[in-house]
Amino acid sequence: LGLALYASSLCAVSGATFLYHDYCVIGAGPAGLQAAYFLQQAGRDYVVFERSHAPGSFFALYPRHRKLISINKQYTGKSNSEFNLRHDWNSLLSHDRRLLFRLYSRDFFPNADAMVHYLEDFASLLELRVQYNTAIIHVTLEKNEQAWNGHYFLLTDQDRKNYKCSCLLVAAGMWVPNVVNFPGSEYVEGYETVSINPEDFAGQTVLILGRGNSAFETAENILGVTNFIHMVSRSRVRLSWATHYVGDLRAVNNGLLDTYQLKSLDGLLEGDLEDLAIIKDKKGKLHITLRFYLENRNISAGIDSITLPQDELDNFATRAPYDRVIRCLGWKFDFSIYNRSLRMMPGRGNIKKYPQIKPSYESRGTRGLFVLGTASHSVDFRKSAGGFIHGFRYTTRAVHRLLENRHHGVPWPSTVYPITQLTNSIIKRVNEASGLYQMFSVLADIILLRENATAFEYLEEYPIGVLAELEMQTGRKARNGLFVIIMEYGRNFSGADKDVFYYNRAVGEAQHAWQSNFLHPVIYYYKHLPTEREMRLRPPDWPLPRPNAIHHIVEDFLTDWTAPNAHILPLRRFLENCLSTDLRNFFAESCFLFAFTHQKLPPSCQQGYVRMQGLLGSQELRQHAVQAGLLRDYTHTDFSGDTPPDSPHGSQEQLMRDHGIPVRSLQHLVNAKDE
Amino acid sequence: MSAQKDRWVSSLVFLLFCAFSIPKRGSTSLQQEPSPRHYFSGLEAGKTSLAFFTPSVSPGAQPFLEQIESSAEALQDYGVSVVKVNCPKEDVSRYCGKENALRKAFLFRGNRLIQEFPADALFDVNAIVANVLFALLFNEVKYVETLADLESIENVLKGKSNMVFAYVPATGTAEHRAVMEAAFVYGTIHQFVLTTEAALLKATSHDDPDVSSAWLLFCHCQRATDPAQPCRRTALAQPLTLLNIHRHLKLMGAPLVTEVAEDPEKISTVHLQLGLPLVFILSQKETYQADRRTAEFVAWQLLGKAGVALLSRDLVDLNVLHRSNVALKTPDEGMPIQYLVLEDTDEVITLVEDKNKVKQIQEDEQEEEEDEDEKENNNQDIQDDQVVEAVSRDKKRELPLEQILVLTEENFHSSLSEAARTVVLFYASWEAVSLAVLRSYSEVAAHLKGTPGVLLSRVNCWDWPGLCSQENVTQFPTIRIYKEGQQSVTYGGMWGTQELSSFILLSQVSCPLKLATMDEAEGYLRGDFPSELSSHHHTSFLGVFSSATSEAREAFEEAGNILSGYVRMGMYFEDDALALSQKYSVSPPALLLARSGGRSVEGIALSKHSVQDMVQMIRYELLDIFPEITVPNLPQYLQLGKPFLILFSAGDISQVESKEMLKLAKGRPQQAFVACWLNLKKTPVGHGILRSYFSTTPSLPVLLWVNLHAGGQVFKFPSEQSITEMNILSWLEKLQAGLEIPSSTLSEEDWKPPLPAYDFLQMMEPPVPELSPHPGDSPTQHLPKNPGGDTARGDTAQGDTATREEPSQESTAEEVGSPGRDLRGTAPRLAARDKQGKRHSEL
């Protein structure tokens, strides 16, 4: 069938032969395969181009020292597969339970070979359409009124074979090494090629340029055999447990910090690599100097004539000569294959290694071109997990859902519930949803209210950056207000210089939930969909514009937000006040009473009891409710006696009041937890 | 407030100084005397003077002299004149001759030397005034060193006068001077006792006092009657200054409780004049004694902080809520008196001690006045959901769930094939309604124990979300019955043990059940067949079809699928179907209906053949003509959308009433109301209904007309008339004609949120004028013009800098934000946070 499809889609345009697909995916890494999976599930016409002979070729080489620093948790004590994905940073999303990474490696920090093996299986078990040994070397546009986006993408591979697509998904990763040029940079070895055998470094003095995980990984490997290691980079070290960003330095790699702070010769230095120069002396030792000195020197003079910083400042930190200098400066996106007409531009500032994209992951320059995977990290760089498998597996799904709506008229998947399920549906998601948890503050669950707030529609994991375009992007209507559910860290909790272990950092009381520091669910309520302008002008540090009301569910040590009083009750009150209704559950008996005494019924009675789904409750439960003062027991009412009569409305009010005020002992129980 | 207070303070100061300075007003402050001889000759008896002798040229003692000179004015207020006596060169008298005498000052009363002060006791004005007064007030101010001394003074004073006990860390300090100055004025009224012994301070105060700061106690010894008990003490909470001491003594001198019998708005007491609030305890004649005790108790607690007055409501016509028991008058002008309802005396204390609380309580009060139903904010964290609360109170009880198989993603499909029918409860272990149903489900399991072919099981969707979504379970709880090879049936009835058991039992047999012989059909109508259901009394429907009428039969079968589990349905389409139906005088297609309990079988011709019509018809036929309304069955009758004619009965209704009502109901098959009755024994919640309708208990049985769906009026059938068809009909006619007055009307109230939510938005961004006051407004329009430094910015914000367009505005807005935000991560902020919220201590 595949062949027939290919053959039928062969077409000739201006002499060249083009193989046509609706969707072309560049790169069969984790993101490319993830995209392929969703396209395949939706029955779309797609192909994945992979320059190597197997998927995940980057992982075949990198990380050089083979230890992945993504968590592969075997046990969580829970069987909830969705929840468990919160602690599985390597698996891709699929329906196939064989394709869970924990079945591929038992290591908490697995070997990269396991990833290669996993990706191979993912592609083959799911029968994804990957065209290997196809390196796309050029991408250009062909204007066409008929095309989905007003143009086709024309791709050329290394054999000058051409392909044509309506939609281009770039999942090519970040594989071009970041190189800094300075005088003497020819003496620098790259992370890509440097020896990984510690023996080669025995008794040597090593300078490492860069301060990312690859730099520390390299240092960790040779820490025990070198004289000492110095590490130089422009910015201070950013510890991931302080920044809550998984791309910063992970504790698993930070052995050098230990030896630096415990005065064991190794050290960290801050300085701009652009100002650096390296010169080699006659013995082959490398000396650090400044570019400034080189510019002033007499060209004809020998090496000895070059001024070294220590000549002027005799306690210059890096005056000791080095045997080796290793560059570990990370990677950047390969911009070279895109024709100028695609306007694939690098981002500005600290995201210049990434292509410019919108929060919908669509290129800023070209409609129909989406960037997936680690190259799409500019959206949440140094914030969330969009640059990593455990983050972009969800953003890739989001992009797929956007495309399904845009090109195939399939609206964003949603479920409609009666309003009585509102609290439950939120509690369920914040407790198990992995996309919300991993892509915190980037992907959000959206609740669209129906008219009169009797029902609502639940949309999962929508990119909040394009919240203003929700109706257009999802095909769903948001006319009656909406809730946006995201996860957030405390506003001022994360940062390279923050003390994340300070005493009393955890909030315990629901009424102070807004000061929660650890990742916790936050619900925003808008009466109207925020406009693009409001999105742009949102308060600093806010992921979303100022809502009409906001609720924080208090942080929880176990990330288990199911406590009836601390978590669910305040949430219910928030929802009730947003909707101006009463969302309490009632036993059938209460509904029975209300049916005879009220012209209107609370939603729980309206949607349950009246539709013959009333909660009769067991004898014990009703007894408990009576003891709590929330249900009145009329069994022993002496009606014939001379009890003082209640006023007609007074008794009703009395009942209502009874519902609100339980016995005092309960209050003590509630407060006891803080003591 | 502060302006008002200042006024009081300044007038007080003025009064004090007037009082002190009257005697010597008009004279010069420092007297000069040419020689000692001249000086001593001029001394008047009874006049006090502080003299110092100075040689004509004496450069050494200059600073000491300056201090004495500057204290002259202060001492003048106490009738002490300061005299500088010049020593002529040749003078070698007692005061001028000796070198060290020139470094001293001498206090004379008349010409008697009281004390000589060395220069080091006179280092500044405070020291001079303090020491001079200390010397002068030798009798008025007792100096003690031991606790025994203090106690002996106290014992002497008991029942006579009050004691002012002051501790100063050292003599000659400003506090010492203040105490002495106060003693000068009050020394004749109260006994002053002074100490500098830190040990004594420790012995007299309960907690660990700060020995480096002065301390003053007012000991109420005059009131003390029991010699064994120490006098009650009231400490001065403010720093020891003359003004504060004066104020304190003034307050201590005021009556403990003022009795008031006039408009509280016009009352003014010492407390109000001194800028302190006045608490009124509202009293009534009946409770006077208790109120008096309460007032005194409160007054002791509030001594020095507020005044307490006992206001008799009987004597003053107060236009306030009857339940108000406390009023608070603040010294601020224009502030109305607040009337409050407080529960205990602690609340009165906190009311005074915490000014902010006053405002909050006041606001609460106002809200309460606006809406009586509005509860106080502090109930927000108390569970008011009866189901959630009941379930959480029951969570410690272990449920008997052994009979219920736990299904997982692994064993779900294999388990379904094990039994003919598998009942599955899909629930979430954290969800209250689910857990409530699980409890009923466990009762069902006990009930159905041993029933062959039925397997009860459950799936916790919190453990197996994939399985639940695969089975398309979107709501908790959901109960499904899976039958091999057939589509599963979702339960849609009441979540009760009875109803659920009946559903599961009825689901055992196919619906409709195909009957093969005439005997089976007859048995079916009698309820003997099939044997599985013989113990189960239920209305049975038997569809009788001649084989030709397949259209009606198909519709009936389809209706059976829909009603499966709720209704007993059978069908018979053998050749002798005609004979069967004719027995009940209908011809096929027809429905034979055997009501539960009833002996007779009704025959109904099937004219409509659509599935919907058939389902509706069967449902309608299930309804009784004159049903007893119960909690589970009400919804079926509510759905008819008709008014209720309902007879409330204390127990079973009498035969006569039943007959009359039945006649009424039967007589009009398409009538516009539901005739029914309610057994208060069986449905006790009916008492609640009657209570809401009537102010006085109606005699039972009572017949009511309730317009449940339109207007909500409730009419009561006149109790003097007997319940007969005729009487009721004529009453109903009158009702229709609008000639009757409704006894009650159902509440039209909307179901609003029972309590407010935490306003986190407000807490996160208190409405600063710079920020948008209205939600929805764009905040940037209010941003300040000058972009501030970028120093406080965290790295988290940097990430989105590039995606936004105005980076300079971001940083400035941060500084505008809530106070404290710019102090992120610093110690003050953490300290401030600790004050705001309780936190978990370390785990």
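Keep in mind that what you see is a predicted model, and the values were worked out from it rather than measured.

**Student:** Can you help me understand the state of the cysteines in this one?
**Tutor:** Each disulfide consists of a covalent bond between the sulfur atoms of two cysteine residues. All names here are of chain A. Applying the stated criterion to the full structure yields 4 disulfides over all chains. The disulfide bridge from Cys 591 ends at Cys 605, spanning 2.0 Å between sulfur atoms. Across the S-S bond of Cys 591 and Cys 605 the torsion is about -80°, and the bridge reads as left-handed. With Cys 591 in helix H17 (residues 588-597) and Cys 605 in helix H18 (residues 603-607), the pair connects residues that are 14 residues apart, well separated along the chain.

**Student:** Please clarify how the pairing of strand S29 (residues 713-716) of chain B should be interpreted in this entry.
**Tutor:** Residue and element names in this part refer to chain B. The sheet contact formed by strand S28 (residues 702-706) and S29 spans 3 bridges and is antiparallel. The partner of Trp 705 across the bridge, within S29, is Phe 715. In sequence, S28 turns back onto S29 through a hairpin of 6 residues, with Gly 711 there showing a positive phi of about 85°. Relative to strand S30 (residues 744-745), S29 runs antiparallel, the two being bridged by 2 bridges. By the bridge assignment, Val 714 is partnered in S30 with Ser 744.

**Student:** It is not clear to me how the packing of helix H12 (residues 422-432) of chain A against helix H16 (residues 564-579) of chain A should be interpreted in this structure. Could you clarify?
**Tutor:** To describe two helices that pack against each other, one gives the angle between their axes and the distance between the axes. Residue and element names in this part refer to chain A. Between H12 and H16, the least distance of the axes is 10 Å, while the angle of their chain directions is 130°. Classified by the interaxial angle, the pair formed by H12 and H16 is oblique. Viewed along their axes, H12 and H16 form a crossing whose handedness is right-handed. Here Leu 422, Thr 423, Ile 426 and Ile 427 of H12 come into contact with H16, specifically with Ile 568, Leu 571, Arg 572, Leu 575 and Leu 579.

**Student:** I would appreciate a short explanation of the packing of aromatic side chains in the present structure.
**Tutor:** The description of two aromatic rings rests on the distance between their centres and on the angle between their planes. Tallied over the full model, the rule gives 49 aromatic pairs over all chains. Summarising the aromatic geometry, the rings of Tyr 23 of chain A and Trp 148 of chain A are spaced 5.6 Å apart at their centres and angled 65° between planes, so their arrangement reads as edge-to-face. Here Tyr 23 of chain A is found in strand S2 (residues 16-26), whereas its partner Trp 148 of chain A is found in the loop between strand S5 (136-143) and strand S6 (151-157), with 125 residues between them in sequence. Classification of Tyr 23 of chain A by relative accessible area gives buried; the value is 0%. With a relative accessible area of 31%, Trp 148 of chain A lands in the partly exposed category. Plain terms: the ring middles of Phe 596 of chain A and Phe 644 of chain B are 5.8 Å apart, the flat faces sit at 85° to each other, and that makes the pair edge-to-face. Taken together, the residues span two chains, with Phe 596 of chain A in helix H17 and Phe 644 of chain B in strand S26 (residues 644-649). Looking at Phe 596 of chain A, the relative accessible area reads 0%, which means it is buried. We classify Phe 644 of chain B as buried; its relative accessible area is 0%. Put simply, the rings of Tyr 37, Phe 38, Phe 101, Tyr 104, Tyr 118 and Phe 122 of chain A touch in pairs and so form one group of aromatic residues. Its end group placed over the ring of Trp 542 of chain A, Arg 491 of chain A keeps NZ or CZ at 4.6 Å from the ring centre.

**Student:** I would appreciate a short explanation of the sheet that holds strand S15 (residues 324-327) of chain A in the present structure.
**Tutor:** Hydrogen bonds between backbone atoms are what pair the strands of a sheet, whose relative direction is either parallel or antiparallel. Residues and elements named next belong to chain A. With parallel pairing, the 5 strands of this open sheet are ordered in space as S9-S15-S10-S11-S12. Among the strands making up the open sheet, the edge pair consists of strand S9 (188-190) and strand S12 (267-270). Going across the sheet, the axis of each strand differs from the next one's by a mean of 25°, ignoring polarity. When strand S10 (residues 205-209) meets S15, the two strands line up parallel, connected through 4 bridges. Bridged to Leu 207 within S15 is Val 325. Along the sheet, helix H6 (residues 213-222) contacts S10, strand S11 (228-233), S12 and S15; its crossing angle with S11, the most-contacted strand, is approximately 175°.

**Student:** Is there a simple way to think about the environment of Ala 214 of chain B in this case?
**Tutor:** Residue and element names in this part refer to chain B. Mapped onto the elements, Ala 214 comes out in the loop between helix H7 (198-204) and strand S9 (215-220). As for Ala 214 and Pro 169, which are separated by 45 residues in sequence, their C-alpha atoms are 6.1 Å apart. Here Ala 214 is in contact with Tyr 167, Val 168, Pro 169, Glu 175 and Leu 240, once residues within four sequence places are set aside.

**Student:** Any chance you could explain the sheet that holds strand S21 (residues 513-514) of chain B here in plain terms?
**Tutor:** Residues and elements named next belong to chain B. Here 5 strands make up an open sheet; going across it, the order is S21-S23-S22-S24-S25 and the pairing mixed. Two strands in the sheet have a free side with no partner beyond their single neighbour: S21 and strand S25 (601-605). Pairing analysis gives 5 bridges linking strand S24 (residues 590-594) to S25, with the strands arranged antiparallel. Within S25, the position partnered with Ala 594 by the bridge is Val 601. Packing against the sheet, helix H19 (residues 550-563) makes contact with strand S22 (540-544), strand S23 (568-572) and S24, and its axis sits at approximately 160° to S23.

**Student:** So what exactly am I meant to see when it comes to helix H15 (residues 432-447) of chain B here?
**Tutor:** In an α-helix there are 3.6 residues to a turn, and that puts residues three or four apart on one side. For H15 of chain B, with 16 residues, the first-to-last C-alpha span of 23 Å sits near the 22 Å given by 1.5 Å per residue. Among the 16 residues of H15 of chain B, 13 are classified as buried, and the element is accordingly described as predominantly covered.

**Student:** Explain H6 of chain A to me, please; I cannot follow it from the model alone.
**Tutor:** Residues and elements named next belong to chain A. Burial analysis of H6 places 8 of its 10 residues in the buried class, the great majority of the element. Here H6 has its buried residues at Asn 213, Ser 214, Ala 215, Phe 216, Glu 217, Thr 218, Ala 219 and Ile 222. The secondary structure elements touched by the buried residues of H6 are S10, S11, helix H8 (255-261), S12 and S15.

**Student:** In this structure, what is going on with the nonpolar core? I would like to understand it.
**Tutor:** Across soluble globular proteins, nonpolar side chains have a tendency to be buried as a group. Core analysis: the biggest nonpolar cluster contains 130 residues, and Val 139, Leu 155, Leu 169, Ile 446, Leu 467 and Val 484 of chain A have the highest contact counts within it. Top contributing element to this core by residue count: helix H5 (residues 112-125) of chain A, with 8 residues.

**Student:** Just to check I follow, could you spell out unusual backbone geometry for this structure?
**Tutor:** As a rule of thumb, non-glycine residues mostly have phi less than zero, and peptide bonds are mostly trans rather than cis. The omega torsion of the bond from Phe 476 of chain B to Pro 477 of chain B falls at -10°, within 30 degrees of zero and hence cis. As for its position among the elements, Pro 477 of chain B is in the loop between helix H16 (465-470) and strand S19 (478-483). Here the residue pair Leu 700 of chain B and Pro 701 of chain B is connected by a cis peptide bond, since its omega of -5° sits within 30 degrees of zero. The residue Pro 701 of chain B is located in the loop between helix H24 (685-693) and S28 in this model. Even without a glycine there, the phi angle at Arg 66 of chain A is positive, about 70°. Structurally, the position occupied by Arg 66 of chain A is in the loop between helix H3 (57-61) and helix H4 (81-84). A residue is classified by how much of its surface remains accessible, and Arg 66 of chain A, at 15% relative accessible area, is buried. Positive phi, normally seen in glycine, also occurs at Asn 452 of chain A, with a value near 65°. Assignment of secondary structure puts Asn 452 of chain A in the loop between strand S19 (443-449) and strand S20 (455-463).

Cut-offs and rules
- Residues numbered from 1 in each chain as written.
- Chains lettered and ligands numbered in written order.
- Predicted model: local features only at pLDDT ≥ 70, side-chain atom pairs only at ≥ 80, totals over all residues.
- Heavy atoms only, no water.
- Disulfide = S-S within 2.5 Å.
- Helix = DSSP H or I, 4+ residues; strand = E, 2+ residues; numbered from the N terminus.
- Pairing = 2+ DSSP bridges.
- Axes fitted to C-alpha atoms, helices over the stretch in contact; angles between N-to-C directions.
- Parallel < 35°, antiparallel > 145°, perpendicular 65-115°, else oblique.
- Left-handed = near helix turned anticlockwise from the far one by under 90°.
- Contact = heavy atoms within 4.5 Å.
- Phe/Tyr/Trp six-rings, centres within 6.5 Å; stacked < 30°, edge-to-face > 60°.
- Buried < 20%, exposed > 50% of the residue type's maximum accessible area, 1.4 Å probe, protein only.
- Lys NZ or Arg CZ within 6 Å of the ring centre and 35° of its normal.
- Expected span 1.5 Å × (residues − 1).
- Core = buried A, V, L, I, M, F, W, Y, C linked by side-chain atoms within 4.5 Å.

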